[in-house]
Amino acid sequence: MNAVEVRGVSKVFNAGRPNAVEALVGIDLTIEPGEFVSLIGPSGCGKSTQLRLIANLTEPTSGEVLVNGKPARAARLDQDYGMAFQQAGLFDWRSVTKNVELPLELKGWDRARRRQRALEMLELVKLSEFADHFPWQLSGGMQQRVAIARALAAHPPLLLMDEPFGALDEMTREHMQVELLRICGQTSTTVVFVTHSIPEAVYLSTRVVVMSPRPGRITDVIDVDLGTHRDVETREADAFFKKVTEVREALRGIDTTGIEPDIEQALEEPVEG
Amino acid sequence: MFLLALVLVTAIWELYKLVGPPDGGTVFGWTILPRANDIAMPHVWEMLSRYADPERRGSSTPIAVIVLQGAWFTFRIAIVGFAIGTLLGLGLAVLMARFKVVERGLLPYLVISQTVPLIALAPLVVSWGGRLSLGAFEWPRWLSAAVMGAFLAFFPVAVGTLKGLTSTPPASLELMASYAASWRQTLFKLRFPAAVPFMIPALKLAATASVIGVIVAELSTGLAGGVGRLIIEYARQATGDPSKVFTAVIVTALLGLVMVGLVGLADVTLMRNRPREAAE
């Protein structure tokens, strides 16, 4: 059974009106369990929309999305996936532990079981000693780790991430990438990851999906065979640079006319702040 | 800071007495400046010492006791009014947040309700209440006053809470959607906690409004025992005993402060773990 199956999906915003926008056209994508797939492309290529379709936060105009072999809606209702956004989105009024417990609370777990799982998750993201802190007392990277712990608290087989490290500085970002690979390896979670950053996509992924705008579509799928064990060395290896170049060239082929200049720049460099 | 302000107000009061015209200032025949004589503006120390004197000749109870008893009476009714108003306001806010249609239909009427003169409404409420009899339950007169307090209190709560409930960050709502949370779960785990910073100022307004509502109700329906009634009574004796009415007025103002203080306590409790606004 595939973790994610997207068949002939298209998405039109404001359909039938003069300001209709074809966000996605003819998307086919199959993701197997254990894969780490990045979606990369310029703004407006529909990569976030595609993630939201998989998450069933929006419905496709046509086509079909299956998650874990079920329709996306059923998968969402069963909490078959966890999600992390660019903003950690922790609840200010809840302690770190309580934030991680949130999805379990919504599932109706009892207090003791919730507490135990939350502490396990915090250990996994190496934040045990901050269990009773409040989100505003943590740094951005730590907040994002709590958000990952929260997304994985119910042990979903699938993790959906929308530029989760986009707001972090470069050093924190690289550290978070290492941590994410470790966490996903330990929990054998399938990941779909939206990013602007080419090195990030290459470092993390087993497959990079290159997308292009107007209308949003998949133009290239690049396998990244850097092995399952990746560390600091990986980033400095020739194979890594070759892949980065390959993805960059795939992106360069994309016609970016009509895209705002700052977004073109975002293609060249990872977005900071 | 509060004490400093108090000293300032006292100083301004006394200063005006010193320099102000005793019979009021007139500009083109209009009396504009207030009279500064001892009947219109008694000295602050006279008001304070008045608290220790008996209420009327031949009685031994100091007026402070009478006024505080009146304030306690009014306070209890105001608390009931505040509670009813808050519950009503919260209920309406939830309804309006849930159904856009309700908001569109209801909100204008809520605004209109606040333009109805309270003083005209109070006798009506009393007469309605008098005709209500739910089995063994008989509508007490003080409940009408509480209803008037609630009538003023519910509005800021409803509007403030509605604003709070609809200001939830979209990303957080999406997060709850990704967990397939029900509307109820989202309401109690996300929308309400996120609305607290909007609700506190609304509740403070409601706290003072409920005191005003009860006092106006006391005045216009002749409910005896409260500090509002004392104000009227003492005002009639102002020529002979000018400081008397001020004893009641000052205590009424303090009553409002106490009510707001209670909300402030709730604020501190609810927000103790939140970031300071400056940190955001």
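Quick caveat, the model's predicted, so the values are computed rather than measured.

(A) Representation of the overall build of chain B. Of the regular secondary structure elements, chain B holds 10 helices and four strands. For chain B, the proportion of contacts with a sequence separation of at least 24, taken over those separated by at least 6, is 71%.

(B) Representation of the interface of chain B and chain A. If you look at the interface, chain B gives 15 residues, while chain A gives 16 residues. Counting only elements with at least two residues in the side of chain B that touches chain A, the list comes to α7 (170-178) and α8 (183-221) of chain B. Tallied by class, the residues present in the side of chain B that touches chain A amount to nine nonpolar, four polar and two charged.

(C) Quick look at unusual backbone geometry. Residues and elements named next belong to chain A. Unlike most non-glycine residues, Lys 126 shows phi in positive territory, near 60 degrees. With respect to the helices and strands, Lys 126 occurs in the loop between α4 (111-124) and α5 (140-152). We classify Lys 126 as partly exposed; it has 14 C-beta atoms within 10 Å. Despite not being glycine, Glu 163 shows a phi value in the positive range, around 45 degrees. Topologically, Glu 163 is positioned in the loop between β7 (158-162) and α6 (170-187). The class of Glu 163 is buried, set by 20 C-beta atoms lying within 10 Å.

(D) Looking closely at the sheet that holds strand β1 (residues 4-13) of chain A. All names here are of chain A. Ordered in space as β2-β1-β4-β5, the four strands form an open sheet in which the pairing is antiparallel. Of all strands in the sheet, those bounded by a partner on one side alone are β2 (21-31) and β5 (70-71). Here β1 runs beside strand β4 (residues 62-67); their pairing, made up of five bridges, is antiparallel. Note on β4: the bridge partner recorded for Glu 5 is Leu 66.

(E) Fine view of the environment of Asp 241 of chain B. Positionally, Asp 241 of chain B belongs in the loop between α9 (227-236) and α10 (242-270). A C-alpha to C-alpha distance of 9.5 Å links Asp 241 of chain B and Pro 42 of chain B, two positions 199 residues apart in sequence.

(F) Local environment of the nonpolar core. Within the largest apolar cluster, 76 residues are counted, with the highest numbers of intra-cluster contacts made by Ile 54, Val 146, Ile 148, Ala 149, Leu 160 and Val 192 of chain A. Considering each element in turn, this core owes the most residues, seven residues, to α5 of chain A. Once residues within four sequence positions are removed from consideration, Ile 54 of chain A is found in contact with Val 4, Val 65, Val 67, Ala 72, Leu 160 and Val 192 of chain A. Phe 155, Ala 217, Tyr 234 and Met 259 of chain B belong to the second largest nonpolar core, which has 54 residues in total.

(G) Main features of α6 of chain A. Residues and elements named next belong to chain A. Taking 1.5 Å per residue as the helical rise, α6 with its 18 residues ought to reach 26 Å, and the 26 Å between its terminal C-alpha atoms agrees with that figure. Those residues of α6 lying buried are Arg 173, Met 176, Gln 177, Leu 180 and Ile 183. Looking straight down α6, one finds its buried side chains confined to an arc of 135 degrees; they lie on one side. Along α6, exposed side chains directed more than 90 degrees from the buried face belong to Met 171 and Gln 186. Next to the buried residues of α6 lie α4, α5 and α7 (198-204). Phi for Ser 188, located one or two positions after α6, is positive at around 40 degrees.

(H) Quick look at the confidence of the model for chain A. Mean pLDDT for chain A: 84, with 93% of residues reaching 70 or above. Of the regions scoring below 50 in pLDDT, residues 260-273 of chain A engages in 16 contacts with residues more than four places distant in sequence or in other chains.

Parameters at a glance
Residues numbered from 1 in each chain as written. Chains lettered and ligands numbered in written order. Predicted model: local features only at pLDDT ≥ 70, side-chain atom pairs only at ≥ 80, totals over all residues. Helix = DSSP H or I, 4+ residues; strand = E, 2+ residues; numbered from the N terminus. Contact = placed C-beta atoms within 7 Å. Nonpolar A, V, L, I, M, F, W, Y, C, P; charged D, E, K, R; others polar. Buried ≥ 20, exposed ≤ 12 C-beta atoms within 10 Å, placed from the backbone. Pairing = 2+ DSSP bridges. Core = buried A, V, L, I, M, F, W, Y, C linked by C-beta atoms within 7 Å. Expected span 1.5 Å × (residues − 1). Arc of directions from axis to C-beta. pLDDT = per-residue confidence, 0-100.

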